[in-house]
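# Results of the structural survey
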Amino acid sequence: MINFPLWTAVVTPMLTDGSIDYVSFERLLAKQNEAGNGILILGSTGEGLNLTAEEKRSIIKFTIVQKLDVPIMVGIGGFLLDQQKALIQFADEQGVDAFLLVNPLYAKPKKAGHLAWFSSLM
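Read on for a plain summary of the structure. (Residues numbered from 1 in each chain as written. Predicted model: local features only at pLDDT ≥ 70, side-chain atom pairs only at ≥ 80, totals over all residues. Heavy atoms only, no water.)

## Quick word on the nonpolar core
Counting residues in each nonpolar core, the largest one holds 22 residues, and the members touching the most others are Ile39, Ile41, Ile59, Ile60 and Val74. Put simply, the parts of the chain that give this core at least two residues each are α1 (22-35), β2 (38-41), α2 (53-65), β3 (72-76), α3 (81-94) and α4 (111-121). The element that contributes the greatest number of residues to this core is α3, accounting for four residues. Other than its neighbours up to four places away in sequence, Val74 contacts Leu40, Ile41, Leu42, Ile60, Ala91, Val96, Ala98, Phe99 and Leu100. (Core = buried A, V, L, I, M, F, W, Y, C linked by side-chain atoms within 4.5 Å. Buried < 20%, exposed > 50% of the residue type's maximum accessible area, 1.4 Å probe, protein only. Helix = DSSP H or I, 4+ residues; strand = E, 2+ residues; numbered from the N terminus. Contact = heavy atoms within 4.5 Å.)

## Considerations on α2
Helix length check: α2 (13 residues) gives 18 Å between terminal C-alpha atoms against 18 Å at 1.5 Å per residue, within 8%. What α2 keeps buried is the set Lys56, Ile59, Ile60 and Thr63. Seen from one end, α2 has its buried residues packed into an arc of 100 degrees, which puts them on one side. The secondary structure elements touched by the buried residues of α2 are α1, β2, β3 and α3. One or two steps after α2, the chain reaches Lys67, where phi turns positive at roughly 55 degrees. (Expected span 1.5 Å × (residues − 1). Arc of directions from axis to C-beta.)

## Section: the side chain of Ser24
Within the secondary structure, Ser24 is located in helix α1. Ser24 sits in the buried class, given a relative accessible area of 18%. Within the local environment of Ser24, its side chain forms a polar contact with the side chain of Asp21, the two groups lying 2.7 Å apart. (Polar contact = N/O pair within 3.5 Å; in protein donor to acceptor, adjacent residues only side chain to side chain.)

## Points about the packing of α2 against α3
Look at α2 against α3: their axes get within 10 Å of each other, and the N-to-C directions meet at 15 degrees. Here α3 runs roughly parallel to α2, going by the angle between their axes. Where α2 crosses over α3, the two elements pack in a sense that is right-handed. Across from Lys56, Arg57, Ile60, Lys61 and Ile64 in α2, the residues of α3 making contact are Leu87, Phe90, Ala91 and Gln94. Its residues assigned to classes, the contact of α2 with α3 shows five nonpolar, one polar and three charged. (Axes fitted to C-alpha atoms, helices over the stretch in contact; angles between N-to-C directions. Parallel < 35°, antiparallel > 145°, perpendicular 65-115°, else oblique. Left-handed = near helix turned anticlockwise from the far one by under 90°. Nonpolar A, V, L, I, M, F, W, Y, C, P; charged D, E, K, R; others polar.)

## Some remarks on the environment of Ile76
On the secondary structure map, Ile76 appears in strand β3. Classification of Ile76 by relative accessible area gives buried; the value is 4%. Dropping the residues within four chain positions of it, Ile76 is found in contact with Gln84, Leu87, Ile88, Phe99, Leu100, Leu101 and Val102.

## Looking at the sheet that holds strand β4 (residues 98-101)
Judged by pairing direction, the sheet is parallel, and its four strands sit side by side in the order β1-β2-β3-β4 without closing on themselves. Two strands close off the open sheet at either side, each with one partner strand: β1 (7-9) and β4. Looking at each pair of strands side by side, their axes are set apart by 25 degrees on average, direction ignored. Sheet topology note: the β2/β3 ladder contains three bridges and is parallel. Paired with Leu40 across the two strands is Met73, which belongs to β3. Against the sheet, α1 contacts β1 and β2, and its axis sits at roughly 150 degrees relative to β2. (Pairing = 2+ DSSP bridges.)

Right under this line is the structure:
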């Protein structure tokens, strides 16, 4: 487990045409790095659920290329298990330090369903 005092959920800035504003994103990442905060991308700020799989992979790659001094966590959320597993594998291959895993969206499984979901993601 990564023991870090503070993790900041960093918003993914968007341009007016709906594309990712990488210039602003780079500045946000740099500020959090300077502050010594662990960085959570695609997390609880909400836009991660509205991005395509390719956009998510692009954001992960972009973040890792910054060579930040703090750990990087990636939010994994959705309801399609295979897509979540693929994103975890991709992020792990890029060198991400941690994952924020959530319950399957819009589903209300019982205890056994939750156990199966999270066991499958590991």
